[in-house]
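Coordinates in review
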Amino acid sequence: MTTKPKLKEKRIGLFVCHCGVNIAGVVDVGKVAEQLKDTPGVSFSTDYVYMCSDPGQQMIIDTIKEKHLDGIIVAACSPTLHEKTFQEAARLAGLNPYQIEIANIREQDSWVHTDKEKATKKAVKIVKSHVAKARQNENLDPIKVDVNRRALIIGGGVSGLQAAMDIADHGYEVILVEKNPSIGGKMIQLSETFPTLDCSQCILTPKMVEVSRHPRIKLLTYHEVDSISGFVGNFKVRIKKRPRYVDETLCNLCGECEKVCPQVVPDEFNMGLSFRKAIYLPFPQAIPGTYTLDAENCLGLNPVRCGKCKDVCDKKAIDYDMKETITEEEVGAVVVATGYDLYTMQALGEYGGEKYDDVVNGLEFERILSASGPTGGEIRRPSDGKVPRSIVFVQCSGSRDSEKHLPYCSKICCMYTAKHAMMYRHRVPDGQATVFYIDVRTGGKSFDEFYMRTVEEDKVLYIRGKVSKIFKEGDKLIVWGVDTLTGKKVEIEADMVVLAMAMVKADGVQDLLKKLKIATDIHGFLAEAHPKLRPVESLNAGFYLAGCAHGPKDIPETVAQASAAAAKVGDLFAQKELVHEPTVVPVNDELCSGCGICLTMCPYTARTLDPARGVVVVNEILCEGCGACAAACPSGAAQQRNQTDDQIFSMLRAMLRD
Amino acid sequence: MKVHYYPGCTLKQKTTALDISTREALKRLDVELVEPEGWTCCGAEYPLTEEKIAGLAAPIRTLRQVRDEGGDILVTTCSFCFAVLKRADRALQDDPLKHKRVNAYLRDDIQIDPLTKARTTGFEDYNGEVKVLHLLEFLRDRVGYPRIRERIKRDLEGLAIAPYYGCRVLRPREEMAVDDPESPRLFEEFLEAVGCGAVDYPFKQECCGSYLSVSLPAAATEASYRVLRSARMNGAKAVAVTCPLCFYNMDHRQDAIKEAYLDFPGLPVVYFTQLLAWALGVDRSVLGLGEHRVPADGLFLEIPATEVRT
Amino acid sequence: MRVKLKAGHDQRKFIKRIEELSGENVFACYQCGRCSAGCPMAAEMDLLPNQVIRLVQMGLSEDVLRSKTLFLCASCFTCESRCPKGIDMARVMEAVRHILDPKGKDAFGPGEIPPELAQELPQQVLVSLFKKFAK
């Protein structure tokens, strides 16, 4: 440990907060202030009822000026609540904000103890330790770095599109990367959207067109993000361009290639309910409007093997020699809008797994409802094309099951099931629609009214009970349910069953998120910085979240969240330069032996080894001041600013002395 | 190969077909079955309340006997016995209180030495040393389907058989840990290995009515009817079972079923071990076909014994 | 009949006893009814399995204890295998029957089986039947 030269004694002001009765009800705050007033370093000591109030803060400002204080301790609630408040007050008084210490005597003391005498003694110890620390606090200046005012959006569904437009409309450049041949996500596959019954394509395609034509948006479809390095405001992104084998600038959508292609494969856009060719247009309104050649299903990209599509292309747009390329872009912020997938039916063996063609999930039913779908909008069942006279809708398929599947509620199923049942009744008026539910969750605007219409006007029968088993007998699907409200077992012979499968993390995205080191929760959804107060930011600085990648939600919420994420990006870009907390852990070159232990401890990859000098170098912008490296460093070369080993030891001595 | 075998009281008395066909079949697979000395009834029901600990004594005593005779596996064919033995074994491993109490009950028990027949008391706690296996698991994992296939003497020509698991083999899923209760493959793979065609039907794990056939016959009649009907609808020529109670409900009580459900023409019920024995060339006179109320002879027609290479 | 609920409801002896005997948390049940939907005997029962556990949650012991449902359970565990909250309904049923025992009700005794039937029944039926339903 290095010995520091004796500093001029500090003039610290101590303010002990009552916090109403939260603290004062257990801790004798007056006594604490009194006992500390003669401690070395303390020049002023008082207590007050609410320090965070305007008069409380004004008291700090005035006292700093009057008593020429160069350090402040506020003994109050957790620093996560008001540290910034008091730092700002200090700054207004002309004191460096990093001379503020918060002694937590609420969450750590008054809220967890009941013995008043002991709690007061504990409060005194806590404050004493902070005095010891404050005596060694230094003035610090926030770290500043430039911001690259370009945004990267990963995902071209409605959330990605909305965020892209908002950021671009602010005046910033946007790069939108979408891994599929066209933008539109899942929303473009939907037929009608609740609660307005708007045609999904009709409301989404204008946004798609706007994005494709926006002067500040660079649209990169059939591209994938390969890696991101750097830090907030200064990211370097490697983007992989998958070869389309069709030049999108030349393709005029004449469709001749499709006609002659001999390879037929299930059409993913129609959820496998119809077929497409290896060279295909995903859907009529696809943007960009171009054919794409699916190399995995193509006979061989070789005129010797086939070459029929190339032969008939007037525009000479088809080129088998296209290769995968990688480009690099530099951006300042990233919005992750990678969407969702539906839980696999295979997991529900009691509903037949994937054995029965006529047991479909919500997206398959949307395609059946859609005018541009495999049945032209006529409701027909997949197995034999017959019009179903009885459809059973099963909610909570895979959701709300903490035992074997997913414990959470997928939020949108109650509404879209009501919508599906309503649409069925409209198109097949003599058809029987039955919905098995446990609850009906309709929290959004006009949602409950919509559900009431389904029940009262369209006379859909809602039965409260979770279906136990679905199996096929002859031509029909037998559904075993129960009506818990009347206490009767129910058995239905249906022509078709629609399962409201749980919403899960998007397939194949897990690897990308791991690569990007973006935090996810246990279900693979993006983790927000704070569930209530910071819902669109990731804890990884510079990354923002939007849409179902963050968790199940409907379109209104998705759009709202996307705009919110864009606003947060705007916050970032509006700053002249980025300011980062200076309480980081720099490296003392003289003491560093280059052992590299701290590298393995850092969760933010802020530290690297400089091979030339044999010492560790820290990128202060990436460092979040967690202190793990400082704890691990065997030589003491890693010392956190304003939380050095010396300071910590003096805090301990102060607490343990009496 | 020698292995400990637990027939259960029912197999020795009322449903000898299951026992005989098991022995004959395993003989052909070079497996010698050894019954643990002095075994007793397992108790038929695994006690479902936390306080009925005495009910665990009998199955654990059997398992302990197997251990003391040097065995580490106990094979059984009866589903009820299988469930009781396996769950009792697990209960002792999962719950320290049960472990303590049951072993305390048994400490004063009398142990019989298999060679000298000497009787002693006071011996080591049972700590889960024996693994309980259903014969189907034993055939798949320890004997192996390849050996079965190479010993097949009769070609069953893909005879359509509906495998009936019943309740006890697959459920509760975590305790039995045999296969996925909704889409199991164990029985199907066995049928394919012996040359039958396994019929997929949705009632393969639905209850046959169990002991309700005595206390509330109508309920059990309906339950068994639904199983048989589903098997028939899906093309099965017979239902294969692994439990004497399922056999009783679906074979012995088939008259009652036909009376209640006039549209049901009937369907033979066999034990899976009868199929195994037959495929392995065992003479039909030792299959126990006389015990069937619904004639199953039609499935076991004598054809020239040929070597079938797979 | 009015159900009156008081403070400390979940501490009622009946509920605690059922939980103790069965080892299950009856309050985990959110009444989805899946147990009843898959129960092979539910169609014959006067109270569905989910209603049984509901009455236990409400502490209404009398309603549960006089129900015929208790003697219709075949212990097939279909309920257990499909419950989204992992509750073993068969154990709850057994716990209720256990409480019933000392009250002297004999749902099915040896005297009720005709001798000819007793001759042909496999032993396991008799043993399991009496274990479950007899005093």
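Check the entry above for the structure.
Our subject in this report is the structure included herewith. (Residues numbered from 1 in each chain as written. Chains lettered and ligands numbered in written order. Predicted model: local features only at pLDDT ≥ 70, side-chain atom pairs only at ≥ 80, totals over all residues.)

**Examining the interface of chain A and chain B**
The test is simple: Any residue pair is listed as a contact if its two C-beta atoms, each placed from the backbone, are within 7 Å. Here the term charged refers only to Asp, Glu, Lys and Arg, the term nonpolar to Ala, Val, Leu, Ile, Met, Phe, Trp, Tyr, Cys and Pro, and the term polar to all other amino acids, Gly among them.
Contacts between the two partners involve five residues from chain A, matched on the other side by five residues from chain B. Classifying every residue of the side of chain A that touches chain B gives one nonpolar, two polar and two charged.

**Description of the interface of chain B and chain C**
To keep things clear, this is the line we draw: Strands here mean DSSP runs of E at least two residues long; helices mean DSSP runs of H or I at least four residues long; both are numbered from the N terminus.
With 34 residues of chain B at the contact, the number on the chain C side is 35 residues. Listing elements by their share of the side of chain B that touches chain C, those giving two or more residues are α1 (9-13), α10 (212-215), α11 (217-233) and α12 (244-252) of chain B. Residue contributions to the side of chain B that touches chain C peak at four residues, all from α12 of chain B. The residue inventory of the side of chain B that touches chain C, partitioned by class, reads 18 nonpolar, nine polar and seven charged.

**Structural notes on the sheet that holds strand β27 (residues 496-501) of chain A**
Through backbone hydrogen bonds, the strands of a sheet pair up, either in parallel or in antiparallel fashion. All names here are of chain A. Where we set the bar: When DSSP finds two or more bridges between two strands, those strands count as paired. Angles here are taken between N-to-C directions and fall from 0 to 180 degrees, while the axes themselves are lines fitted to C-alpha atoms, restricted in helices to the stretch in contact.
Here five strands make up an open sheet; going across it, the order is β20-β27-β21-β22-β23 and the pairing parallel. Either end of the sheet is taken by a strand with one partner, and the two such strands are β20 (359-361) and β23 (461-464). Ignoring strand direction, the axes of neighbouring strands in this sheet form an average angle of 25 degrees. Sitting on the sheet, helix α10 (residues 362-369) touches β20 and β27, and the angle it makes with β20 is about 95 degrees.

**So, the sheet that holds strand β12 (residues 234-241) of chain A**
Residue and element names in this part refer to chain A. An order of β11-β12-β17 is seen for the three strands of this open sheet, with the pairing classed as antiparallel. Each of the sheet's edge strands pairs with one partner strand only, and the pair in question is β11 (223-231) and β17 (325-331). Pairwise comparison of adjacent strand axes, ignoring direction, gives a mean angle of 20 degrees for this sheet.

**A short note on the nonpolar core**
Spelled out, the test is: Defined on buried residues, the nonpolar core groups Ala, Val, Leu, Ile, Met, Phe, Trp, Tyr and Cys residues joined through C-beta atoms within 7 Å. The exposure scheme places C-beta atoms from the backbone and then counts, for each residue, the other C-beta atoms within 10 Å of its own, assigning buried at 20 or more, exposed at 12 or fewer, and partly exposed in between.
Ranked by size, the top nonpolar core spans 265 residues in total, and within it A164, V335 and V497 of chain A together with V239 and A240 of chain B carry the most contacts. Beyond its immediate stretch of four places on either side in the chain, V239 of chain B contacts A162, Y164, L228, A231, M250, L267 and V269 of chain B. Judged by nonpolar contacts, the second largest core, of 43 residues, contains I73, V74, F86 and A89 of chain A.

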